[in-house]
Amino acid sequence: MTHVVRRPAGPFVIADGAGELHQVPLGEDNLGWLVVCRETGEAAAVDGPEAGPYLALCERLGVRLTTIWNTHTHGDHIGCNRDLARRGRLSSLRVFAPAGAALATPGCTDPVDEGDRATVGRLSAEVWRTDGHLDGHVSFVVPGAVFCGDTMFTAGCGYLFDGPPAAMHQSLRRLASLPDATLVCCAHEYTWSNLRFAWVVDAANPALAERIRRSRAVLAEGGSCVPSTMAEERATNPFLRGMSPSVRAGFQAHTVRALGEPDVVAFTELRALKDGATWRSVSDAELPT
Ligand SMILES: [Zn+2]
């Protein structure tokens with residue numbers, strides 16, 4: 001199976017220099033994240049369908065996998081727990097996972113919810129409850145980066161399995177309150193399809209045109225457009241821009257009706273439009289080059 005990302009992004013420095021962050025392509029389009037405490041050499045794997053690439057990377061870096069941070073219980077996120085269990089490696093690990101799904105998470109030792117902290121070595125992450133994709137979904141926030149699972153994606157957001165839209169809207173708004181330079185470490189490389197949709201509703205946004213040009217070049221080389229920064233998401237993610245004149249005009253041009261207000265209604269209608277089929281007729285050739 002060939003991963004869409006052949007050349008992972010990074011590594012990155014996080015937590016004011018105390019941590020190192022590695023992107024780990026997993027499965028077909030999943031992106032795992034290895035968070036390393038520079039002081040102790042301990043490492044946390046954040047989600048993923050498999051464990052092999054994490055173990056290989058730890059060996060190459062000379063660090064110890066001691067921890068898992070799970071955002072939610074979909075199979076392509078807790079698959080790495082199952083894989084480590086098969087290898088006899090899970091029982092020695094600390095596994096931080098959503099409290100509401102602790103029993104559904106193999107090896108969970110530390111059920112966490114809003115306001116708790118997840119650790120690896122001397123590093124510590126705030127746990128935020130980010131419902132909308134799946135009930136109980138959590139995000140891990142460290143200085144300089146957020147691991148937001150399937151809540152916010154680069155230029156998009158997760159599918160609303162549990163919803164309701166208002167819960168996802170609230171989660172996205174809160175994530176978007178993080179500082180500009182925060183790395184958005186989501187769990188899939190879905191950037192291109194998300195940008196195609198963004199262009200349908202926000203073609204008058206010059207920052208989006210620029211992001212599409214840049215992303216096209218990165219992806220053509222087998223690179224990854226993840227992580228983005230929160231500043232980039234605020235400027236170009238259509239699900240954060242439902243009240244912008246540009247998105248409102250784009251939505252109206254595409255659907256021949258006005259986008260609702262306030263922002264939570266606009267979000268709901270934008271998500272519904274993306275879940276439908278009509279926008280898919282827009283081809284790559286119509287996007288900025
Ligand atoms: Zn999911």
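Nothing here was measured: the structure is a model prediction, and the numbers come from that model.

Parameters at a glance
- The written sequence of each chain sets the order in which its residues are numbered from 1.
- Totals for whole chains, interfaces and linings use all residues, but because this is a predicted model, local features are given only for residues with pLDDT of at least 70 and pairs of side-chain atoms are given and counted only at 80 or more.
- By convention in this description, side-chain values take in all heavy atoms of the structure and omit both hydrogens and water.
- Each metal's donors are the N, O and S atoms found within 2.8 Å of it, except that Na, K and Ca use a 3.2 Å limit; water is left out, so coordination can look incomplete.
- Only protein chains enter the calculation, and the probe is 1.4 Å; a residue is then buried if its accessible area is under 20% of its type maximum, exposed if over 50%, and partly exposed in between.
- Every axis in this analysis is a line fitted to C-alpha atoms, fitted for helices over the stretch in contact. Angles between the N-to-C directions lie between 0 and 180 degrees.
- Strands here mean DSSP runs of E at least two residues long; helices mean DSSP runs of H or I at least four residues long; both are numbered from the N terminus.
- In these notes the angle categories are as follows: under 35 degrees is roughly parallel, over 145 is roughly antiparallel, 65 to 115 is roughly perpendicular, and the rest is oblique.
- For any pair of crossing helices, the crossing counts as left-handed if the nearer helix is rotated counterclockwise from the farther one by less than a right angle, and right-handed if it is rotated clockwise.
- Contact definition: two residues touch when any of their heavy atoms are within 4.5 Å.
- Grouping buried Ala, Val, Leu, Ile, Met, Phe, Trp, Tyr and Cys residues that are joined through side-chain atoms within 4.5 Å yields what is termed a nonpolar core.
- For every domain, the bounds stem from an assignment made automatically or drawn from a database.

Peer 1: Mind showing me how you'd approach the coordination of the zinc ion here?
Peer 2: For a metal with four tetrahedral donors the ideal donor-metal-donor angle is 109.5 degrees, while six octahedral donors give ideal angles of 90 or 180 degrees. The zinc ion binds to the protein through His72 (NE2), His74 (ND1), His133 (NE2) and Asp150 (OD); the donor distances cover 2.2 Å. Look at where the donors of the zinc ion fall in the sequence and you get H-x1-H-x58-H-x16-D. Judged by relative accessible area, which is 2%, His72 ranks as buried.

Peer 1: Please clarify how the packing of helix α4 (residues 191-202) against helix α8 (residues 263-275) should be interpreted in this entry.
Peer 2: Taken N-terminus to C-terminus, the directions of α4 and α8 make an angle of 120°; their axes are 11 Å apart at the nearest point. Relative to α8, the element α4 lies oblique. Remark: the crossing between α4 and α8 carries right-handed chirality. Of α8, the residues touching α4 (which contributes Asn194, Phe197 and Val201) are Leu270, Leu273 and Lys274.

Peer 1: How should I be thinking about the nonpolar core in this particular structure?
Peer 2: Core analysis: the biggest nonpolar cluster contains 65 residues, and Leu21, Val35, Trp69, Phe140 and Phe147 have the highest contact counts within it. The greatest single-element share of this core, amounting to seven residues, is contributed by α4. Inspection of this core shows a minimum of three residues originating in each of domain 1 (12-186) and domain 2 (192-286). Counting residues in hydrophobic clusters, the runner-up holds 19 residues, among them Tyr54, Leu55, Ile68 and Leu90.

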